[in-house]
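Single-letter residue listing:
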Amino acid sequence: MSVRIDGEKSEEVPARFATVRRVLRGPRPEKVPGLIGTACTLLGLLDIAAGVFPRFRHSRMHAAAEVLPGTLGPFTAAMAICAGVLLLLLAHALKRRKRRAWVAAVVLLPVGAVAQYVYRHSLCGTLLSLALLALLLRHRREFAALPDPRSRWKALANFALLGSGSVGLGMLIVSSHPGRVVGEPGFTERLEHVLYGLFGFEGPVGYTGGVSWTVGYSLGALGLLTAVTTSYLALRPENPAARLTDDDETRLRDLLERHGGRDSLGHFALRRDKGVVFSPSGKAAVCYRVVSGVMLASGDPIGDVEAWPGAIERFMEHARVHSWTPAVMGCSETGGEVWTRETGLDALELGDEAVVEVADFTLSGRAMRNVRQMVKRIERNGYETRVRRIADLRPEELERIQRAAADWRGTDTERGFSMALGRIGDPADGDCVIATAHKTGEDGGNGPYGDLKAVLHFVPWGDHGMSLDLMRRDRSADPGMNELLIVAALQAASGLGVQRVSLNFAMFRSALARGERLGAGPVLRGWRGLLVFLSRWFQIESLYKFNAKFRPSWEPRFLVFRNTRDLPRIGFAAMQAEGFVTLALPRPFTRRPGSRRARPCAHLSTAPTAEREPQAA
């Protein structure tokens, strides 16, 4: 086999020469960060091993090392352990091309090389450290990613993880010199020696020779490393995550006024815990939040479709500069096509959005029998509904609704990201629609919120639509409050100039629907069975069935991602953004008034009850 090189005179070059040339050129630049990150993990483990375990007495370098000062051995052991632990901590950041990680690695690698040579007398470890240092210096331009937004809870996480790791590593250090231990100390004495050593004091375990110095310096270095890194994370200045500024919000509202009817999720871009990037022309924008290193956008870009590519390019450039993993949650089919065409990303169908056409909605017919009976039963029990714009509410009534919605929330944190606005009654949101249920009669107005029993909040979808934002109800109210209010909102929609209403998003709706049909194959039935099982925690099936009762049309929504191996990370980040997973510092003594325990969201918890046959009034 040979390789032909084109030119004025073609010549045959043996393939092995081409292979040699590729090896001499080294790895491709885009592969270097991942290679260095993996190598730093290996080198960090070698440095830790070099500091923990006794040096080789039969090493060729042992005779030369005898002329070195006696205290250099203990110092280099501690130095090797510190360098190894820090290289392990830096490995992931190096894979993400972080500039500060590159600077730290360039400083640590010579330290590790010296420790490997002086203490362990390891030429292999020394040469590996120096080779890795040369590779870092040669490809320094590949490490240009800016640091991530910071949060103080990382200090506590660092103290817990690194502190427990230091105790475990300290137990290994104390036990790695069995021939030099005085007596037979037990586990408790060894643990006490480690804890004293981390704070710089001498413990109860004694050693012969110079081993006590080595163990003491190593434990002290681990304790100092834990204290310094924790203090740095706790005291360094905050770099807050992106927030929507007043100017950004004004520009987004202008884009929504002109193009908001294209996507039902457009108004949710006005969440104030999102950042935004605009196209060069300013005619389109992409809103996002960074969660666990994932730059997560939701819905389609805002604005003129022709300007979408410019906004998407800015989004991808922002992700590249910070080395964030780009992902888009819940975009439409058109949005998914533009994203994949402009970026080369891949797309996966995530589920379906339930959209009801107001003109086609009716309670008549056999298909709507259960909903019709439930609504009639609740109305006979003395409930009435009101559907109005936020701007039409009196201030005292709006304040009561806000308090009720906050106290009826089923979780300690506000859930929602892609289909949640995160607020009710903001002065800028006067065109939002709110539907409320009230209990009339003798026992109707005795609660802390008067006769108010349930709340639904809708955001605008262009000039002739609205999207469901949140559903809250009093736990003591009769089942079916959400069905009652959705029917009331659909019946009042035409009077508000609304022609279509977007309800909840049903994940994997098509799989659930096809899996229960006659003739479904074993793979599809197995996938549906897994989704039904997961519904015990995530309400996948019940939410689909709840939406299906209103006979909606289903609009597919997609997840856009870079490669398959990023999906677990994106999924975890999405669960954090939606509020299903919380990594904030625990606050055991700050409990919301009136809350007793964490409960499912109101509209999720009532969805299964809606499938029951209505009881007699």
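Scroll up for the structure.
Residues numbered from 1 in each chain as written. Predicted model: local features only at pLDDT ≥ 70, side-chain atom pairs only at ≥ 80, totals over all residues. Heavy atoms only, no water.

Novice: Let's hear about the overall build of the chain: which residues, and what values?
Specialist: A tally of helices and strands in the chain yields 20 helices and 14 strands. Here the chain holds 617 residues, and 49% of them are scored as buried. Pairs at least 24 residues apart make up 77% of the contacts formed inside the chain by residues separated by at least 6 positions. Total accessible area on the chain is roughly 31100 Å²; 57% of this is exposed by carbon and sulfur atoms. (Helix = DSSP H or I, 4+ residues; strand = E, 2+ residues; numbered from the N terminus. Buried < 20%, exposed > 50% of the residue type's maximum accessible area, 1.4 Å probe, protein only. Contact = heavy atoms within 4.5 Å. Areas by Shrake-Rupley, 256 points an atom, 1.4 Å probe, with all protein chains shown as cover.)

Novice: I'd love a proper account of the packing of helix H11 (residues 308-322) against helix H12 (residues 333-343), names of residues and values included.
Specialist: One can describe the packing of H11 onto H12 by two numbers: an axis separation of 10 Å at closest approach and a directional angle of 60 degrees. Relative to H12, H11 is oriented oblique. Crossing handedness for the pair H11 and H12: right-handed. Residues Trp308, Pro309, Ile312, Phe315 and Met316 of H11 form the contact with H12, whose participating residues are Thr334, Gly335, Val338, Trp339, Glu342 and Thr343. In terms of residue class, the contact of H11 with H12 is built from seven nonpolar, three polar and one charged. (Axes fitted to C-alpha atoms, helices over the stretch in contact; angles between N-to-C directions. Parallel < 35°, antiparallel > 145°, perpendicular 65-115°, else oblique. Left-handed = near helix turned anticlockwise from the far one by under 90°. Nonpolar A, V, L, I, M, F, W, Y, C, P; charged D, E, K, R; others polar.)

Novice: Please provide a residue-by-residue account of helix H19 (residues 567-578), values included.
Specialist: For H19, which comprises twelve residues, the first-to-last C-alpha distance of 16 Å matches the rise-based estimate of 16 Å (1.5 Å per residue) to within 8%. Here H19 has its buried residues at Ile570, Ala573, Ala574, Gln576, Ala577 and Glu578. Packed against the buried residues of H19 are strand E4 (284-291), strand E5 (294-298), strand E7 (325-331) and strand E14 (553-561). In the segment just after H19, Gly579 is the residue with positive phi, at about 95 degrees. (Expected span 1.5 Å × (residues − 1).)

Novice: Pulling in residues and values, what's your account of unusual backbone geometry?
Specialist: Located in the positive-phi region is Ser323, a residue other than glycine, with phi close to 60 degrees. If you trace the backbone, Ser323 turns up in the loop between H11 and E7. Of note in the backbone geometry, Arg551 takes a positive phi value of approximately 55 degrees without being a glycine. Checked against the element boundaries, Arg551 lands in the loop between helix H18 (540-548) and E14.

Novice: Give a detailed account of the environment of Leu133, specifying residues and quantitative values.
Specialist: For Leu133, the position within the fold is in helix H6 (residues 123-138). Each C-alpha atom of the pair Leu133 and Ile36 lies 9.4 Å from the other, and the pair is 97 residues apart in sequence. Residues within four places of Leu133 in sequence aside, it is in contact with Val106, Leu109 and Pro110.

Novice: Could you give an account of a nonpolar patch on the surface, with specific residues and numbers?
Specialist: Residues Trp527, Leu530, Phe533, Trp537 and Phe538 make up a contiguous nonpolar surface patch of roughly 520 Å² in combined accessible area. Phe538 gets classed as partly exposed once you look at its relative accessible area, which sits at 36%. (Patch = residues over 30% accessible without salt bridge, like charges linked within 9 Å, V, L, I, M, F, W, Y side chains within 5 Å. Salt bridge = Lys/Arg side-chain N within 4 Å of Asp/Glu carboxyl O.)

Novice: How would you explain the pattern of salt bridges if you had to name every residue and give the values?
Specialist: Pairs can form between side chains of opposite charge once their charged atoms are near each other. Enumeration according to the criterion identifies 24 salt bridges in this entry. The residue Arg253 makes a salt bridge to Asp429 at a minimum N-O spacing of 2.9 Å. Here Arg253 is found in helix H10 (residues 246-259), whereas its partner Asp429 is found in the loop between helix H14 (395-407) and strand E10 (433-439), with 176 residues between them in sequence. Residue classification places Asp429 among the buried residues on the basis of a relative accessible area of 1%. Several salt bridges share partner residues, and in doing so they unite Glu249, Arg253, Arg272, Arg423, Asp426 and Asp429 into one network.

Novice: I'd love a proper account of the packing of aromatic side chains, names of residues and values included.
Specialist: By the definition in use, this model includes four aromatic pairs. For the ring pair Tyr288 and Phe315, a centre distance of 6.3 Å and an interplane angle of 75 degrees mean the geometry is edge-to-face. A residue pair is termed long-range when its members are at least 10 positions apart, and Tyr288 in strand E4 and Phe315 in helix H11 qualify at 27 residues. Look at Phe315 and Trp339: their rings are 5.3 Å apart centre to centre, the planes differ by 85 degrees, and that puts the pair in the edge-to-face class. Here Phe315 is found in helix H11, whereas its partner Trp339 is found in helix H12, with 24 residues between them in sequence. Residues Phe315 and Trp339 agree in their burial class; the two are buried. Looking at Arg251, its charged tip hangs above the ring of Phe278, at a distance of 3.7 Å from the centre. (Phe/Tyr/Trp six-rings, centres within 6.5 Å; stacked < 30°, edge-to-face > 60°. Lys NZ or Arg CZ within 6 Å of the ring centre and 35° of its normal.)

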